[in-house]
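For reference, the chains in residue letters:
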Amino acid sequence: MSAHIGDDAAEIAALPELDAERLAAYAHAASCAECAARLAEAESLLALIDAAPLPAPSAQVLQRTMNAVLAEFDAEDRVYAAARSRSQAPERMRPSVRPGVTKAPPRRGLVAAAAAVVVSALFALFDTHAGQLAFSAGIDCGLKELVFAAGAVGLGFAVSKGRWGALPVAALGAWGALAGQAYLRFQCPASHDAPHVFAFHFLGVLVAALVGLMLQPRPSTSAA
Amino acid sequence: MPLEDPDSDESLMALYVAGDRRAFERLFARIAPKIHAFFRRAFRDEMVADELMQITFLNVHRARATYRPELPLRPWLFTIAAHVRRDEWRKRYRLAEDAGEDALAAAEQSRAVAAAEQRDAAEDRAAVVRRALDSLSEIQRVILQLHRYEGMTYAEIAQTLGSTPGAVRQHAFRAYEDLRTRLGDLLRDPPATGGPP
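Conventions we followed
- Each chain carries its own residue numbering, running from 1 in the written order of its sequence.
- Chains carry letters from A onward and ligands carry numbers from 1 onward, assigned in written order.
- A pLDDT threshold of at least 70 governs which residues receive local features in this predicted model, and a stricter bar of 80 or more applies before side-chain atom pairs are shown or counted, although totals over entire chains, interfaces and linings include all residues.
- Secondary structure counts use DSSP, requiring at least four H or I residues in a row for a helix and at least two E residues in a row for a strand, with both numbered from the N terminus.
- Burial is judged by counting other C-beta atoms within 10 Å of a residue's own C-beta: 20 or more means buried, 12 or fewer means exposed, and anything between counts as partly exposed, with every C-beta placed from the backbone.
- Each residue is represented by a C-beta atom placed from its backbone, and any two residues with such atoms within 7 Å are regarded as in contact.
- Residue classes follow a fixed rule: Ala, Val, Leu, Ile, Met, Phe, Trp, Tyr, Cys and Pro count as nonpolar, while Asp, Glu, Lys and Arg count as charged, and any other residue, Gly among them, counts as polar.
- Only the stretch in contact is used when a helix axis is fitted, and all axes are lines through C-alpha atoms; the angle between N-to-C directions ranges over 0 to 180 degrees.
- Roughly parallel refers to an angle under 35 degrees, roughly antiparallel to one over 145, roughly perpendicular to one between 65 and 115, and oblique to any angle outside these ranges.
- Crossings are classed by handedness, with left-handed meaning an anticlockwise turn of the near helix from the far one by less than a right angle and right-handed meaning a clockwise turn.
- Confidence scores per residue from the predictor, reported as pLDDT, run from 0 to 100.
- Note on definitions: a nonpolar core is a set of buried residues drawn from Ala, Val, Leu, Ile, Met, Phe, Trp, Tyr and Cys, linked by C-beta atoms within 7 Å.
- Summarising the geometry, the arc corresponds to the directions from the helix axis toward the C-beta atoms.

Asker: An account of the overall build of chain A is needed here, citing residue identities and associated values.
Answerer: Each helix and strand counted, chain A has 8 helices and 0 strands in total. Mapped from its N terminus to its C terminus, chain A presents α and β elements in the order α-α-α-α-α-α-α-α. Here chain A holds 224 residues, and the buried ones make up 30% of them. Of the contacts made within chain A by residues no fewer than 6 positions apart, 83% connect residues no fewer than 24 positions apart.

Pasting the structure below:
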């Protein structure tokens, strides 16, 4: 810095010690008495300012403010505690099944669905002989069985007056599909061809039972 | 790295954010007088400073989850304090929500309080300096408070106040120049024992 220090001496002196502008000013002042005097006066000014901090607030004011924040802490703790107890409440208080939904008899429903699958398999085993797969007709057969299954579930839903939770969906689906298989026994041109019956008629019943199982309403574990 | 020091402001703040009341109390003991001084410097009124300090700490508490521990704490804290200060000035002068530092400075300057001129003449040197500081504009007082007493850089002050480093430096320049003029007698007459009181 070659220029002389002007009215901004205090501002320069107030810069961080390693600031480039400050270092340059002090380097210049080392060989310039006038600027050195300005910087000395600036340092005196800063010393005066630094020695006149405001008095600290009273202990009562500090305590009052701290208490206000601690009260917020307490309020938050109460909210968290309430939320925690609410989140745990379902374990103790939540009804085992939603209101309006009664428990389905899962075991009997599963047994009924399995029985439908077994009957379907027996049909496929003993009412068929070697034959064709008849793929394009088979897709049609499979879809028809699923329509029968959906019809059976829909009928059950209507009979149970809309109480889905009471519905043995897997059993209804499987037996509905089995009814479809019986219908196909007389309508399907490949109803005695073992590959076709296994791949589409039996499989339709099995798929209906599995989809029904996935849709089966599950009561909470505490209800078991 | 501030967090490496378990006793740093930043480490205490991190514990406070995690729900440690003891850390809050320690941090509060360190910071509260500084926040109070900031408001007292700005408003020249102890009771106002008491109230605004409380508002600031409640705001800090509610915003504590937004603090990023990798950043220095004090600029973050003073930014919240600066918002409280600005809200207070807006309320007093009924300024628009988007009124910046210039509008605040103009409003405050137009109502410059003469109280600083009415003090007892027989004050000690520190009191004279405080009186000189009180005679500055509000923005100058605030900038000097943050610069001299909090050790914040012009860039940090600018960030805190929502201004630019250049504008902050300009205010600081005027403030120092004004103080040099007002405290000329003290500068020419240093204490005999050496060192300010």
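Asker: Mind laying out the overall build of chain B, listing which residues take part and the relevant values?
Answerer: If you tally the helices and strands in chain B, you get 10 helices and 0 strands. Of the regular secondary structure in chain B, the N- to C-terminal order runs α-α-α-α-α-α-α-α-α-α. Across the 197 residues that make up chain B, the buried fraction comes to 36%. In chain B, the share of contacts with a sequence separation of at least 24, taken over all contacts with a separation of at least 6, comes to 58%.

Asker: An account of the interface of chain A and chain B is requested, with residue identities and associated values reported.
Answerer: Taken residue by residue, the interface counts 27 residues in chain A and 36 residues in chain B. Those elements that provide at least two residues to the side of chain A that touches chain B are α1 (9–13), α3 (33–50) and α4 (59–92) of chain A. The residue inventory of the side of chain A that touches chain B, partitioned by class, reads 19 nonpolar, 2 polar and 6 charged.

Asker: Please set out the packing of helix α6 (residues 135–159) of chain A against helix α7 (residues 169–187) of chain A residue by residue, giving values where relevant.
Answerer: Any two packed helices are characterised by the angle at which their axes cross and by the distance between the axes. Residues and elements named next belong to chain A. Taken N-terminus to C-terminus, the directions of α6 and α7 make an angle of 135°; their axes are 7 Å apart at the nearest point. Taken together, the axis directions place α6 and α7 in an arrangement best described as oblique. Classified by chirality, the crossing of α7 by α6 is right-handed. Within the contact between the two elements, α6 uses Cys141, Lys144, Glu145, Leu146, Phe148, Ala149, Gly151, Ala152, Val153 and Gly156 and α7 uses Val169, Leu172, Gly173, Trp175, Gly176, Ala177, Ala179, Gly180, Gln181, Tyr183 and Leu184. In terms of residue class, the contact of α6 with α7 is built from 13 nonpolar, 6 polar and 2 charged.

Asker: If you had to explain the confidence of the model for chain B to someone new, which residues and values would you point to?
Answerer: Residues and elements named next belong to chain B. The predicted model of chain B averages 83 in pLDDT, with 79% of residues at 70 or higher. For chain B, helix α5 (residues 101–110) is the element with the lowest average pLDDT, namely 64, and helix α3 (residues 46–63) is the one with the highest, namely 94. Predicted confidence is poor over residues 113–122, with pLDDT under 50, and the contacts of this stretch with residues over four places away or in other chains come to 5 contacts. Here residues 193–197 scores under 50 on pLDDT; set against residues more than four positions off or in separate chains, the count is 10 contacts. Interface predicted TM-score (ipTM) for the complex: 0.72; the corresponding pTM is 0.56.

Asker: Tell me about the environment of Ile139(A), and name the residues and values.
Answerer: Structurally, the position occupied by Ile139(A) is in helix α6. Sequence-wise, Ile139(A) and Ala199(A) are 60 residues apart; in three dimensions their C-alpha atoms are separated by 9.6 Å.

Asker: Describe the nonpolar core, and please don't skip the residues or the numbers.
Answerer: The nonpolar side chains of a soluble globular protein tend to be buried with one another. Counting residues in hydrophobic clusters, the biggest one holds 64 residues, and the most contacted among them are Leu39(A), Leu45(A), Ile35(B), Phe39(B), Leu77(B), Ala81(B) and Ile143(B). With 11 residues, helix α2 (residues 21–43) of chain B is the single largest residue contributor to this core. Leaving out residues up to four positions away in the same chain, Ile35(B) has contacts with Met53(B), Thr56(B), Leu77(B) and Ala81(B). Counting 22 residues, the second-largest nonpolar core is a separate cluster that includes Ala113(A), Val117(A), Ala124(A) and Ala208(A).

Asker: Mind laying out helix α8 (residues 154–161) of chain B, listing which residues take part and the relevant values?
Answerer: Residue and element names in this part refer to chain B. Here α8 has its buried residues at Tyr154, Glu156, Ile157, Thr160 and Leu161. Viewed along the axis of α8, the buried residues span an arc of 160°, placing them on a single side of the element. After α8 finishes, the residue Gly162 shows a positive phi value of roughly 70°.

Asker: Kindly report on the packing of α6(A) against helix α8 (residues 194–215) of chain A, identifying the contributing residues and their values.
Answerer: Residues and elements named next belong to chain A. The interhelical angle for the contact between α6 and α8, taken along N-to-C directions, is 30°, at an axis separation of 9 Å. One way to sum up the angle between α6 and α8 is to call them roughly parallel. Between α6 and α8 lies a crossing of right-handed hand. Packed against α6, whose contacting residues are Gly138, Cys141, Gly142, Glu145, Leu146, Ala149 and Val153, the element α8 presents His196, Ala199, Phe200, His201, Leu203, Gly204, Val205, Ala208 and Gly212 at the interface.

Asker: Account for unusual backbone geometry, with residues named and values stated.
Answerer: Located in the positive-phi region is Ala134(A), a residue other than glycine, with phi close to 50°. Here Ala134(A) shows up in the loop between α5 (106–126) and α6. You can call Ala134(A) buried: it has 20 C-beta atoms within 10 Å. In this structure, Arg44(B) is a non-glycine residue whose phi angle is positive, near 55°. Here Arg44(B) is to be found in the loop between α2 and α3.

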